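Here is how the chains run, residue by residue.
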Amino acid sequence: MARPDLETEAGRAAYRAELRRVGWRQRWAGLACIVVAAALVMFARDGRFGLTDNAVMAAYGLLAIGWVLVIYAVFQRTRHHKRRMAEGL
């Protein structure tokens, strides 16, 4: 695969779209984990749905997993970008 064409607007748009696709599942899964964890903390704090302090501990674990997924997706995307930029050399 050749180095991306960043000289034209169409080439830049195509490369941006390519970068957006790298790690998108991990980013969305991480975001979902973070949102669910935040909801668990809020509901457990108010005592809704019968959630106790144990749910808060589970939510913190889910929050950590979510951030790990998001950071991994950013790392994966950065690695992909570096490899693509080095291909034309």
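Parameters and conventions
All residue numbers here refer to positions counted from 1 along the written sequence of the relevant chain. This being a predicted model, a pLDDT of at least 70 is required before a residue's local features are given, and a value of 80 or more before pairs of side-chain atoms are given or counted; all residues contribute to the totals for chains, interfaces and linings. Computation of side-chain values: all heavy atoms of the structure, hydrogens and water removed. To qualify as a helix, a DSSP run of H or I must reach at least 4 residues; to qualify as a strand, a run of E must reach at least 2; elements of each kind are numbered from the N terminus. Our radius of gyration looks at C-alpha atoms and nothing else; its globule reference is 2.2 Å times the residue count to the power 0.38. Throughout, exposure labels follow a simple rule: accessible area from a 1.4 Å probe, protein chains only, divided by the maximum for the residue type, with under 20% read as buried, over 50% as exposed, and the rest as partly exposed. Contact criterion: two residues are considered in contact whenever any of their non-hydrogen atoms come within 4.5 Å of each other. UniProt positions are given in the numbering used here, feature names are shortened, and annotations may be inferred rather than shown by experiment. Think of a polar contact as two N or O atoms within 3.5 Å of one another; within protein, one of them needs to be a possible hydrogen donor and the other a possible acceptor, and neighboring residues in sequence only count if both atoms come from side chains. For this analysis, a salt bridge means a side-chain nitrogen from Lys or Arg found within 4 Å of a carboxyl oxygen belonging to Asp or Glu.

The protein carries the name DUF202 domain-containing protein in an unreviewed UniProt entry, which gives Brevundimonas guildfordensis as its organism.

### Let's talk about the overall build of the protein
When its secondary structure is counted, the protein shows 3 helices and 0 strands. Counting helices and strands in the order they occur from the N terminus, the protein gives α-α-α. Since a compact globule built from 89 residues should have a radius of gyration of about 12 Å, the 19 Å found for the protein marks it as more spread out than a globular shape. For the protein, the spread of C-alpha atoms along the principal axes amounts to about 60 × 20 × 15 Å. Per-residue burial over the protein gives 24% buried out of 89 residues. Relative to all contacts within the protein whose residues are 6 or more apart in sequence, the contacts with residues 24 or more apart total 73%.

### Some words on the UniProt feature "transmembrane region" (unreviewed entry) in the protein
The positions UniProt marks with the feature "transmembrane region" (unreviewed entry) are residues 28–45 and 57–75. Overall, residues 28–45 shows 100% helix and 0% strand. The separation of its end C-alpha atoms is 26 Å. Between the first and last C-alpha atoms of residues 57–75 the distance is 27 Å; the span itself is 100% helix and 0% strand.

### A look at the environment of E87
Considering the arrangement of structural elements, one finds E87 in the segment after α3 (53–86). Residues E87 and F75, spaced 12 residues apart in sequence, show a C-alpha to C-alpha distance of 19 Å.

### Observations concerning the side chain of R84
Checked against the element boundaries, R84 lands in helix α3. Since its relative accessible area comes to 6%, R84 is described here as buried. A polar atom in the side chain of R84 sits 2.8 Å from the side chain of E18.

### Quick word on the pattern of salt bridges
Between side chains of opposite charge, a pair can form as their charged atoms come close. Counted by the stated rule, this structure contains 3 salt bridges. With its nearest N and O atoms 2.9 Å apart, the salt bridge here joins R12 to E9. One end of the pair, R12, and the other, E9, are both in helix α1 (residues 9–21), 3 residues apart, so they sit about a helical turn from each other. Between E9 and R16 there is a salt bridge, with the nearest N and O atoms lying 3.5 Å from each other. For E9, a relative accessible area of 49% translates into the label partly exposed. Among the charged side chains, a network of salt bridges with common partners joins E9, R12 and R16.

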